[in-house]
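Architecture at a glance
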Amino acid sequence: MLKKIDRKNRFVSMFDPKTGFYARSGVIDENGKGTGVDPFMTSYPELIDVGVMGHCVHGASGLCLKSGVQCYQNGLKTHHPNMSLENFKRIVDECKGKTFQLALGGRGDVDQHENFAEILQYCRENNIVPNFTSSGLGFTDEIVSLCKEYCGAVAISWYRQPHTLRAIQMLLDAGIKTNIHYVLGQNSIDEAIERLSNHDFPNGINAVIFLLHKPVGLGSEENVLHAGDPKVQKFFDTIDHMDAPFKVGFDSCSIPAILNYTHNIDPNSIDTCEGGRWSMYITSDMKALPCSFDNQDLRWAYDISNDTIQNAWNSSQFEDFRNHFRTSCPGCKKRSACMGGCPIRPQIVICSSTEKTV
Ligand code: SF4
Ligand code: SF4
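Each helix and strand in the chain was counted, giving 11 helices and 13 strands. Oriented by its inertia axes, the alpha-carbon framework of the chain measures out at about 55 × 50 × 35 Å. Taken across its 358 residues, the chain has 53% of its residues classed as buried. Considering only residue pairs separated by 6 or more positions, the chain has 67% of its internal contacts joining residues 24 or more positions apart. Accessible surface, the chain: about 16000 Å² in total, of which carbon and sulfur atoms supply 49%. Here the chain contributes 35 positive and 41 negative side-chain charges, whose respective centroids are spaced 4 Å apart.

Next up on the list: the site of ligand 2. The local shell around ligand 2 consists of N260, C329, C332, R335, C338, G340, V349, C351, S353, E355 and K356. Looking at the shell around ligand 2, its residues break down into 5 nonpolar, 3 polar and 3 charged.

Time to look at the pattern of salt bridges. A complete count under the given rule lists 10 salt bridges for this structure. When the shortest N-O distance is used, the salt bridge between D297 and R345 registers 3.1 Å. Note that D297 is positioned in the loop between β12 (287-289) and β13 (302-303) and R345 in the segment after α11 (335-338), a separation of 48 residues in sequence. For D297, a relative accessible area of 42% gives the class partly exposed. You can call R345 buried: its relative accessible area is 15%. Among the charged side chains, a salt-bridge network with shared partners connects R160, E191, R195 and D200.

With that out of the way, let us pick up the packing of helix α6 (residues 189-197) against helix α7 (residues 230-240). Put simply, α6 and α7 touch, their axes get as near as 10 Å, and they point 25° apart. Considered as vectors, α6 and α7 are oriented roughly parallel to each other. Crossing geometry of α6 relative to α7 is assigned as left-handed. Contacts between α6 and α7 involve I189, D190, A192, I193, L196 and S197 from the former and K231, V232, K234, F235, T238 and I239 from the latter. Taken together, the residues of the contact of α6 with α7 sort by class into 7 nonpolar, 2 polar and 3 charged.

To continue, consider the sheet that holds strand β10 (residues 247-250). Sheet architecture is open: 10 strands sit in the order β10-β9-β8-β7-β6-β5-β4-β11-β12-β13, paired in mixed fashion. In the strand order of this sheet, the two ends are held by β10 and β13, each with one partner. Each of β7 (154-157) and β8 (178-184) touches helix α5 (residues 162-173); the most contacted strand, β7, lies at about 165° to it.

This part covers the site of ligand 1. In the vicinity of ligand 1, the contacting residues are K214, C253, C273, C291, F293, F321, C342, P343 and I344. The class makeup of the residues in the shell around ligand 1 is 8 nonpolar, no polar and 1 charged.

Between two aromatic rings, the relevant description is the distance of the centres plus the angle of the planes. This model, assessed by the stated rule, comprises 17 aromatic pairs. Aromatic pair F11 and W278: ring centres 5.3 Å apart, planes at 70°, arrangement edge-to-face. Note that F11 is positioned in strand β2 (residues 11-15) and W278 in the loop between α8 (255-261) and β11 (279-282), a separation of 267 residues in sequence. Taken as a pair, F11 and W278 share a single burial class, namely buried. Where F15 meets F100, the ring centres are 5.5 Å apart and the plane angle is 20°; that geometry is what we call stacked. With F15 in strand β2 and F100 in the loop between α2 (85-95) and β5 (101-106), the pair connects residues that are 85 residues apart, well separated along the chain. Taken as a pair, F15 and F100 share a single burial class, namely buried. Members of the aromatic cluster, connected to one another through ring pairs, are W158, Y182, F201, F210, F235, F236, F246, F250 and Y261. Sitting over the face of the ring of Y182, R160 holds its NZ or CZ atom 5.3 Å from the ring centroid.

Conventions adopted
- Residues numbered from 1 in each chain as written.
- Chains lettered and ligands numbered in written order.
- Predicted model: local features only at pLDDT ≥ 70, side-chain atom pairs only at ≥ 80, totals over all residues.
- Heavy atoms only, no water.
- Helix = DSSP H or I, 4+ residues; strand = E, 2+ residues; numbered from the N terminus.
- Buried < 20%, exposed > 50% of the residue type's maximum accessible area, 1.4 Å probe, protein only.
- Contact = heavy atoms within 4.5 Å.
- Areas by Shrake-Rupley, 256 points an atom, 1.4 Å probe, with all protein chains shown as cover.
- Lys, Arg positive; Asp, Glu negative; His and termini not counted.
- Charge placed at Lys NZ, Arg CZ, Asp CG, Glu CD.
- Near = heavy atom within 4 Å.
- Nonpolar A, V, L, I, M, F, W, Y, C, P; charged D, E, K, R; others polar.
- Salt bridge = Lys/Arg side-chain N within 4 Å of Asp/Glu carboxyl O.
- Axes fitted to C-alpha atoms, helices over the stretch in contact; angles between N-to-C directions.
- Parallel < 35°, antiparallel > 145°, perpendicular 65-115°, else oblique.
- Left-handed = near helix turned anticlockwise from the far one by under 90°.
- Pairing = 2+ DSSP bridges.
- Phe/Tyr/Trp six-rings, centres within 6.5 Å; stacked < 30°, edge-to-face > 60°.
- Lys NZ or Arg CZ within 6 Å of the ring centre and 35° of its normal.

Treat this as a map of the structure, not an account of what it does.
Pasting the structure below:
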């Protein structure tokens, strides 16, 4: 079990690299007593999304568009070099002993990075758990055995293709904790309701994680889900009354909807947007952002090519991002659990409360 004591923000957190179990105390007062208040942030990111991929090897085929997934990294049109192994190692060296997990990603499938094996290996050598999401299109036995040796969990994007099911089965056969990442938008919510109602996902998966569609990169405005839409109500009703052989999870972008549309979900199991408070993203060309969905606008970017992650975390850009969470929706009773949702694309915040200020 890895343990971290954050003296500045007065809390303790722990993470089990074997099971993925994570726990965090509330704020502890000067007398060592718990206050029951959630800490607002950590003094160093506990989870970092590292965009090791600068381009998508499947991009030219339009794989994502054909599959109904609108790539938020705009992998169809953008072609940058992948992150160098040297830069990746520099990130790990700084994070060692402070960051629990690295979520590997970027513009394309991480398993296609020229240094995939070294990347995974270097994380583990430094006691950091690597995780990643893939379309699974380029999966080989070798990739799967690397996952088995080094990864905490692997997620396959729900691309509705023969290679999707093939990759899931390869991971399951190897005994790897396997999740499905399902982008939830106007074009996929009906299918989601039907599949959840019929438990129609591959046997043996650990969880289906729903990721709210955002109008970023190739993501369109028309595909955004809105409060008041009966389909949205029906989807969250289904979730609220689920009894499935797999777990169901959500990205933190979905928390306003969970708070507004469900009644049976334990509030202790939810955490609202962690961007800039608990996690950050680093682009393939070494720009630190509070969240990967700022990758097109780079509004809060801090260049760490010749600088540290700690300085990015302490920067005015990151503070500006956090101020959204400090000041949004002051009159709302759910404020402490929600904090107003997404600072990057307020239109994805599924909430019709009159107290909403975002
Ligand atoms: S900043 Fe927006 S897109 Fe990023 S995690 Fe938070 S809610 Fe989601
Ligand atoms: S009013 Fe603001 S804080 Fe309250 S639930 Fe809606 S978005 Fe969240």
